[in-house]
Amino acid sequence: MKVSDILRVKGGTLYTVTPDESLKRAVETMAEFDIGSLAVMEHGELVGMLTFREVIDTIAKNGGSVGEVRVGSVMDDHPMTCTPETELDEVRPMMLERHTRYMPVMDAGVLMGVISFYDVARAVVESQNFENRMLKAYIRDWPEDEPAGEGAATPRASWAARPAG
């Protein structure tokens, strides 16, 4: 399964912010759309990612307030990215290694979307569920054993069923 499969299911909605926007406004956007990240764009290019991790860190450092902070001063300015052709088996360890919950998907310098660790986990579970259903259907349709004498194994009687003597 590829990242493009996740993007196809998620749809094309992108939530972005500029580096000079206030963190307060960015947090309001994240709350309004119930999202955990915003792609930070400048002049049509991805320049960073803002996630709830940076927001919480800023709030902790500012005594419980975002203050007058701008997105550009707290964003991750070197986010790890992938392409639509990246296999999920490659994405999972990348996200785990860097403890990344959100990953921008880039194609020839163009932001195609953002996938979350949740998106990846859901896709893997759905794929495994599909595989399990297929295996169960295969097992249900397993051919009957061949009659005895034609190479099929015959059940052996247990020692308790043998006559004494």
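A quick note: this is a predicted structure, and the numbers were derived from the prediction, not measured.

K.L.:
Pulling in residues and values, what's your account of the packing of aromatic side chains?
P.N.:
The description of an aromatic ring pair uses the distance of the two centres, along with the angle that the planes make with each other. Inspection of every chain in the model, using the stated rule, returns 2 aromatic pairs. A centroid spacing of 4.7 Å and a plane angle of 40° characterise the contact between Tyr15 and Phe33, whose relative ring orientation is tilted. Of this pair, Tyr15 sits in the loop between helix 1 (3-10) and strand 1 (16-17) while Phe33 sits in helix 2 (residues 23-33); the two residues are 18 residues apart in sequence, bridging distant segments of the chain. What makes Phe33 partly exposed here is its relative accessible area of 37%. Plain terms: the ring middles of Phe52 and Tyr102 are 6.1 Å apart, the flat faces sit at 90° to each other, and that makes the pair edge-to-face. Remark: Tyr102 occurs in strand 4 (residues 102-107) and Phe52 occurs in helix 3 (residues 52-61); sequence separation between them is 50 residues. Here Phe52 falls in the partly exposed class, since its relative accessible area comes to 31%.

K.L.:
Tell me about the nonpolar core, residues and numbers included.
P.N.:
One finds Val3, Cys82, Leu88, Val91, Met103, Ile115 and Val120 to be the most contacted residues of the largest nonpolar core, which totals 14 residues. Within the residue set of this core, elements represented by two or more residues are helix 1, helix 4 (88-97), strand 4 and helix 5 (117-140). If you look at the next biggest cluster of nonpolar residues, it comprises 13 residues, including Leu23, Val40, Val55 and Val69.

Rules of the game
- Residues numbered from 1 in each chain as written.
- Predicted model: local features only at pLDDT ≥ 70, side-chain atom pairs only at ≥ 80, totals over all residues.
- Heavy atoms only, no water.
- Phe/Tyr/Trp six-rings, centres within 6.5 Å; stacked < 30°, edge-to-face > 60°.
- Helix = DSSP H or I, 4+ residues; strand = E, 2+ residues; numbered from the N terminus.
- Buried < 20%, exposed > 50% of the residue type's maximum accessible area, 1.4 Å probe, protein only.
- Core = buried A, V, L, I, M, F, W, Y, C linked by side-chain atoms within 4.5 Å.

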